[in-house]
Amino acid sequence: MGNTSPLRGFNTSPLHSTQLSPAHSTLSNPDREMERLAKARSKLVEGECAQTPTITPEARKQLRYVSKDGKCRVNLCHISERSRFLSDIFTSFVDLQYRWFLFVFMMCYTTTWFLFAGLYFLNAYLRGDLQPEQRLNITKNHLLDQRPCYLGVDDFISALLFSVETQRTIGYGSRTVSPTCHEGVLLVMMQCIVGSMIDALMVGCMFVKISRPKKRAETLLFSRTCVIANRDDQLCLMFRLGDLRESHMVDAKVRAKLIKSRQTAEGEFLPLEQSEIDLGYDSGSDRLFLVEPQVIQHTIDSNSPFWELGPEQLRRHQFEIIVILEGIVEATGMMCQAKTSYIETEIEWGARFEPCMTLEKGSFKVDLRRFHATYPVPLPNCSASQAQQFLILKDYKLHDPRGSTEWGICVEETAEEDKDKQSRPIYIHYSQKVRDIRLSGEISG
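Reading guide: rules and limits
- Here the residue numbers are simple positions, counted from 1 along each chain's written sequence.
- Side-chain atom pairs in this predicted model are given and counted only at pLDDT of 80 or more, local residue features only at pLDDT of at least 70, and totals for whole chains, interfaces and linings cover all residues.
- Hydrogens and waters are ignored; side-chain quantities use all the structure's heavy atoms.
- For the purposes of this section, nonpolar cores are sets of buried Ala, Val, Leu, Ile, Met, Phe, Trp, Tyr and Cys residues that join through side-chain atoms within 4.5 Å.
- Burial classes: relative accessible area under 20% of the type maximum marks a residue as buried, over 50% as exposed, and values in between as partly exposed (1.4 Å probe, protein chains only).
- Going along the chain from the N terminus, every DSSP run of H or I of four or more residues is numbered as a helix, and every run of E of two or more is numbered as a strand.
- We call two residues in contact when some of their heavy atoms are within 4.5 Å.
- Note on pairing: DSSP must find at least two bridges between two strands before they are called paired.

## Looking at the nonpolar core
- Core analysis: the biggest nonpolar cluster contains 36 residues, and Ile228, Phe239, Leu241, Val254, Phe306, Ile321 and Leu325 have the highest contact counts within it.
- Elements that contribute at least two residues to this core include exactly strand 3 (220-222), strand 4 (226-231), strand 5 (234-243), strand 6 (249-263), strand 10 (320-329), strand 11 (335-343) and strand 12 (347-349).
- In this structure Phe306 touches Leu237, Leu258, Ile277, His298, Ile300, Leu314, Phe319 and Ile321, once residues within four positions along its chain are discounted.
- One finds Phe116, Leu130, Ala159 and Val188 within the second-largest nonpolar core, a separate group that totals 12 residues.

Here you go:
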């Protein structure tokens, strides 16, 4: 068979635009054999889907691992060691919501102002500088020795103003500390140091929070749906990416994860198992030059998790595809990450994306109105695995027509015998007979 693709035979086959349905009574012998294969495969899929819980479409759209705008819908509960957040207080401040961040920002300054105002007022009170009669009895000879510690501070409000002027280095000139009041000088030095530390922390957090690359992800586009169609004679899962800004992402990379629950052979239930979806890591296709909208493809081969899924099986299974786009923001040099997700109802079988880029007057023009638009294309209603089985059967029929008929009857009998068994053993018999036919075809050749 060489390097012939499993889906190449459908381009000229009657099955290219016709569904595999038992209602066609005028099918030829090869078509009936293909129908038997489809029935055997459907029984296998029914056994797999019988264990999958079903919910309403409305509830399914709400039960997402990652929302369409990229927010992870996972809540952490019953955290006992909350002191760990204080060890990384800078990140804790940056991660706060804006209303809480502004509240902490104002409270840090207000608290230090009132704290040192109370210390100034207490120091002046203990020295007796707040007594009016003592201030009036001061003579000129004892003016230098008996002058108050804080000039212009005679109540708590004036002490608060002196605290604000000291920490913010305003310096109106009406309130000063006396050089003979050593504890007053020490308090002023302490407030300057504390104020500088608060400025460094709060201003740094504010700058980082405003310039976070999370907002850059708002100008990155993902198509609303995925499509499945043939590309270069191979069945591919495709979605589209785009960037709205003229300052492009540097070293952009895309990857995808499949989130699906399953049960192991030992009976262990894995609620949200993550598996990698190959987007061309080995060939470098996952590294993007995101100047114009690009269609990212995942080839559905034998290593793909969608190898045995057709359109009906895609609608019955419950899974979620997480797409992650990462890159460096050209303006700031910071790493940016954008996410989205697709559930089983957001995958279009037999469709392609409409072209949105044209050449006009010597320059390329991108029409973003067509970014999400798709159009239907002919595609058989069978999985890539079934397509390969059909192609093997077709090639085998060319060498031995009688053996092709025996193979179709054998597959039907195997499905009838194993209909009460699990889906895994059925597929093992199914694949084993394909290998037997392939081997016998090589021997006869």
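## Comments concerning the pairing of strand 4
- By the criterion of burial, strand 4 is predominantly enclosed, with five of the six residues buried.
- The pairing of strand 4 with strand 12 spans three bridges and is classified as parallel. Along strand 12, the bridge assignment pairs Val227 with Glu348.
- In this structure, strand 4 lies alongside strand 5, joined through five bridges in antiparallel fashion. For Asn230, the partnering residue across the bridge sits in strand 5 and is Leu235.

## Regarding the pairing of strand 5
- Most of strand 5 sits out of view: nine of its 10 residues are buried.
- Here strand 4 folds back onto strand 5 in antiparallel fashion, the turn holding two residues, of which Asp232 has a positive phi close to 55°.

Geometric values such as these leave the question of function open.
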